[in-house]
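Chains, contacts and geometry: an overview
Letter by letter, the chains look like this.
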Amino acid sequence: MFKQANKRQILKDVHDENLWLVGKRKSRRSVASLKSSKDNSSQRKWVQLSPIFVAMGGAFVAVVVTLWFEFSAQKLNDSMIDVQHSAQDYSTGAQSPLVYTAGFNDLNDAALLAPVLPHERPVIENFKPVSLPNASSPSLPGLFVDEGVFEDLEAFELRQATVTPENYHALAGAGIPLAQLFGLNVKTIVIDPGHGGKDPGAVGASVYEKDIALDVAKRLRDRLLEYEGYRVLMTREVDETMALNDRVNFANANSADLFISIHVNYFPGDQKSFIETYYFGPTDDSKIAELAARENNNSHYPYAEFKEIILKIGDTLKSQESKQLAYAVQRNLHKQMHKIDKGTRDHGIKAAPFVVLLGLDAPGILAEVSCLCNRDEEQRLKTSEHRESIASFLEKGIVTYLNKNTRVGGKRNGEKEKLAKAQQ
Amino acid sequence: MAKKKSSPKRSSKLRVGIDLGTSRSAISASNGKRKFVESYVGWPKDFISEKVLGKSVLFGQEALDNRLSLELCRPLEHGVIKEGTSRDEEAVNQLISHLIELAEIQEGQEIYSVVGVPAESLRANKLAIKRAVEDYVDSLMVVSEPFAAAYGRGVLNNAIVIDIGAGTVDFCIMHGSMPTDDDQRTLVTAGDYIDEHLYAMLKEKYPESDFNLNMVRKFKEEHSYIGKTKGKIEVEIPVGGKIMVHDITEEMGRACESILPAVLEHTMELIARFDPEYQGLVRQNIILAGGGSQIKGLDKAIEASLKEDGLCKVSVVDDPIFASADGALALAKDMPDDYWQNMLDE
Ligand SMILES: Nc1ncnc2c1ncn2[C@@H]1O[C@H](COP(=O)(O)OP(=O)(O)O)[C@@H](O)[C@H]1O
Ligand SMILES: [Mg+2]
Ligand SMILES: [Zn+2]
């Protein structure tokens, strides 16, 4: 399985792995001096760099950079492991950017671009994974440079993924599918059936939360797969024990755009059913904290440690997105469940510190889609019709959210034609 | 400060190994110096505090002792540098400068460094680490802490290193080549987690007693154990101003044990990644590093739990504070000269 290698090889590997540290000696500067140089920014010529595109396929990463400044291609080449083709001139209006396409063996190496940019600050540092459509190359994941890292560079305008018909050709040279270039991304949706295996979750009179969650999840997956442009994955497809952080890792490793964790609620006693949806955030509510503790049961995270993390996360973009997603799902779900059982209460969307939502790179929610504390509802849950209905309610919520956030895509096959007809 | 200037004559080369840890950072240099500092950096909150303290930046225990007049930062708290917050980056930068100073490196010496960082940080923070270190060294390579520890011990093949630190437990398997991402795992249930857990249990048992997390950590560092312990563990804690003896035997055992299941789970999973032919060897070669490896009985507890599947041997590094820094230094020393030259841009 593993090759047996020698010390020399190990040293070489360490060295190679650290190639990204190439050539900074001349430009050594402290954080303080960087700050001061920003202050008299009139002397500094910031570069404009647009667009940056990074795409990855298998073990190969293609980075396409459009540099709006004069730059020695030689220097750029030196820093790269495997340059596919060097500078190529093309014209877009008044300016004449140089386009570099470079190949890397893995993503981290793409950060090699950093030292060659003239402001001496690493630029390509964080990558935000997105997905490419399966046009010619099946599920080739792509990556955009995260805008966040540019924040502290004044006068640094990054038009992220603004691809125009003019520069398309240059970019297409890198073999990146057209749809991606114009922002028609496939969305990767990860569905996470709560609990499983040794962990049954909530236990009703005759059903387990883990089984309902798995069944509804599968139905939801099948429904979402009927759409164009969604890649749908499940954290578990059988009744197996799975740690919460493994679920998170799975979603992150697959560059999920959305994460939906499906659960069934329980409160002691025969009660009215209620629906609620959670996104990650701090809570003062002791009941919610209790529920979180229950759902976090199988985690490897210490609760105390995360209280701190929760506060730090604050009102980030991700949590805003998650909140919107939670809202769309909760609204649809409750509306429909209320039709089935007039007694179903709407407990709304809530912030809660669920471990499973914490480590996600993507917006994520935890939906308590039904309630085992109501006898009638428990009976209904035993029928496949009801579980299918719940899946369809979730589907609507998710699609509503996705359509709000992407102009294109997310049309169900067949519906698209209908729509086209209607517009004629 | 030890900030490097463009010095006229480069007389000699110095190799250094640095372990940038969540709770402690250490340096081990080829001039024989070995130093460590708690990974805390504090800046005086205001001009008055600065006057009182007489310093513009404080480190380690000294920073902790003066925490009230400081803006205190523990930059690698969760095993990664929180980027974007320049405070954290600045703190790492200062920490490195402090370590270099502690190692009494002479002006004009060319410094080739290998820096060990938590595995997670290696994944997430390469460039931040580079920015923090590059001001003080001439050449730099970054590796994961457990790998550095393994290299230092000379175990390059068929082994698992488990580095139990404050913020993270880092696993690393050695199979004769440089470990990749896939060969490493990180858990966040580590030393700090034990502290929190113990603290919570003791608060419940002794609600009237007056103690804090720091005291609990000290109790742990003195009395930690898993399995059986001889006699009672008793500590002194004030209650309403009076010092009283408290029995914390059971709580100590339970808190220390709490990290065990996850450690076992990952260890077994990692053993299974080896070719079956070598798994027996790997089981004989499980190495505990980091401060948490000092928990009494931890090695035996792991052995006992794993022996169902066959014999195994767990050993503990001799000097957990310096294991990674020494390993990083060993790497730096073994690294051929031309590898370093490659990194200079002339
Ligand atoms: N004797 C001991 N028993 C149990 N834990 C210990 C002992 N000594 C130190 N520790 C713990 O080890 C952790 C620090 O380990 P270290 O390897 O220095 O961490 P890091 O690499 O994360 O900085 C702390 O949580 C500390 O309390
Ligand atoms: Mg350590
Ligand atoms: Zn649940």
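Nothing here was measured: the structure is a model prediction, and the numbers come from that model.

Quick word on the overall build of chain A
A count of helical and extended segments in chain A gives 15 helices and 12 strands. Counting the 424 residues in chain A, one finds 51% classified as buried. Long-range pairs, those at least 24 residues apart, make up 74% of the contacts in chain A with a sequence separation of at least 6. Within the structure as shown, chain A displays about 19200 Å² of accessible surface, and the carbon and sulfur contribution to it stands at 49%.

Here's the deal with unusual backbone geometry
Positive phi is not limited to glycine here, since A:His195 has a value of about 60°. Position of A:His195 relative to the elements: it lies in the loop between strand 7 (187-193) and helix 7 (209-224). Here A:His195 falls in the buried class, since its relative accessible area comes to 6%. Even without being a glycine, B:Asn158 presents a positive backbone phi close to 50°. Take B:Asn158: it is sitting in the loop between helix 6 (145-153) and strand 9 (159-164).

As for the state of the cysteines
Residue and element names in this part refer to chain A. Evaluation of the coordinates by the stated rule reveals 1 disulfide over all chains. Disulfide pairing is shown between cysteine 371 and cysteine 373; the S-S distance is 2.5 Å. An S-S torsion of about 85° defines the bridge between cysteine 371 and cysteine 373 as right-handed. An identical accessibility class is assigned to cysteine 371 and cysteine 373; each is buried.

With respect to the sheet that holds strand 8 (residues 139-144) of chain B
The strands that make up a sheet pair up through hydrogen bonds in the backbone, lying either parallel or antiparallel. Residue and element names in this part refer to chain B. Ordered by their spatial adjacency, 5 strands build an open sheet running 3-2-1-7-8, and the pairing between neighbours is mixed. Where the open sheet ends on each side, the last strands, each with one partner, are strand 3 (34-38) and strand 8. Taken pair by pair, the neighbouring strands of this sheet meet at an average axis angle of 15°, ignoring direction. As defined by bridge partners, strand 7 (residues 110-117) adjoins strand 8 across 6 bridges and the pair is classed as parallel. In the sheet register, glycine 116 faces strand 8, and the bridge partner there is valine 143. Helix 6 contacts strand 1 (13-19), strand 7 and strand 8 of the sheet and is inclined by roughly 95° relative to strand 8.

Section: the confidence of the model for chain B
Residue and element names in this part refer to chain B. Taken residue by residue, chain B gives an average pLDDT of 86. The fraction at 70 or more is 92%. Long-range and interchain partners of residues 342-346, a stretch whose pLDDT sits below 50, account for 17 contacts in this model, where long-range means more than four residues apart. Across the predicted assembly, pTM comes out at 0.52 and ipTM at 0.81.

What counts and how
Residues numbered from 1 in each chain as written. Chains lettered and ligands numbered in written order. Predicted model: local features only at pLDDT ≥ 70, side-chain atom pairs only at ≥ 80, totals over all residues. Heavy atoms only, no water. Helix = DSSP H or I, 4+ residues; strand = E, 2+ residues; numbered from the N terminus. Buried < 20%, exposed > 50% of the residue type's maximum accessible area, 1.4 Å probe, protein only. Contact = heavy atoms within 4.5 Å. Areas by Shrake-Rupley, 256 points an atom, 1.4 Å probe, with all protein chains shown as cover. Disulfide = S-S within 2.5 Å. Pairing = 2+ DSSP bridges. Axes fitted to C-alpha atoms, helices over the stretch in contact; angles between N-to-C directions. pLDDT = per-residue confidence, 0-100.

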